[in-house]
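Notes for the structure review
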Amino acid sequence: MMSMLSPPQIPLFRITLFYGPDAVEGTSDTIHCVFNVKKRSWKGGVQVDIVVENHQIQQLQAGLVFQAWIEEHLREVPLDQQEDFLKTGYDLFIQFICFHKLEVYIQQGIKQENTQVPGDVLMAQTDEIVYREAENIKQQILVELDLDAVE
């Protein structure tokens, strides 16, 4: 009898956040995160600069009712720490948007070269994934903020 179990899928890419979110130098309407991406078959990793436009971030925040959601979870945090938690929560949210945009970019065929993915590219696909992954994203933000046990 043959086993129906298959070995766990080993990810093709190792992705590490290098830095971000930061404002793109010289503009006030875009944010970027830089990721190091390494495919197992590559000798070294490449840097992928993912740019997201502020209006896209704001639309996703509004669509996911992010502000009200995070404020609800911060009620248990001491008042003098809430601002820091809020900023970190927003940074994490932007990192997740950038990460999901990077995923879309990789699926379309990443080359072994440093590159920048402009803010006006892959927006619809990124939005679709962020909405689909919204609960997972929110849960991961709570874990990162150490608020997941405060229910």
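First, a word on what this report is: a plain description of the structure on this page. These figures come from a predicted structure and were not determined experimentally.

**A word on unusual backbone geometry**
- For the peptide bond that leads from Gly20 to Pro21, omega is 5°, which places it in the cis range.
- Inspection of the secondary structure assignment puts Pro21 in strand S1 (residues 13–23).
- Located in the positive-phi region is Val65, a residue other than glycine, with phi close to 50°.
- Looking at the element boundaries, Val65 is found in the loop between helix H1 (54–63) and helix H2 (66–74).

**Some thoughts on the packing of aromatic side chains**
- Scanning the model with the defined rule gives six aromatic pairs in all.
- Consider the rings of Phe18 and Tyr19, whose centres lie 5.7 Å apart with planes at 50°: the pair is tilted.
- The partly exposed category is assigned to Phe18, whose relative accessible area is 48%.
- Overall, the relative accessible area of 36% leaves Tyr19 in the partly exposed class.
- Each residue in the set Phe66, Trp69, Tyr90 and Phe93 is aromatic and connected to the rest through ring pairs, giving one cluster.

Criteria and cut-off values
- Residues numbered from 1 in each chain as written.
- Predicted model: local features only at pLDDT ≥ 70, side-chain atom pairs only at ≥ 80, totals over all residues.
- Heavy atoms only, no water.
- Helix = DSSP H or I, 4+ residues; strand = E, 2+ residues; numbered from the N terminus.
- Phe/Tyr/Trp six-rings, centres within 6.5 Å; stacked < 30°, edge-to-face > 60°.
- Buried < 20%, exposed > 50% of the residue type's maximum accessible area, 1.4 Å probe, protein only.

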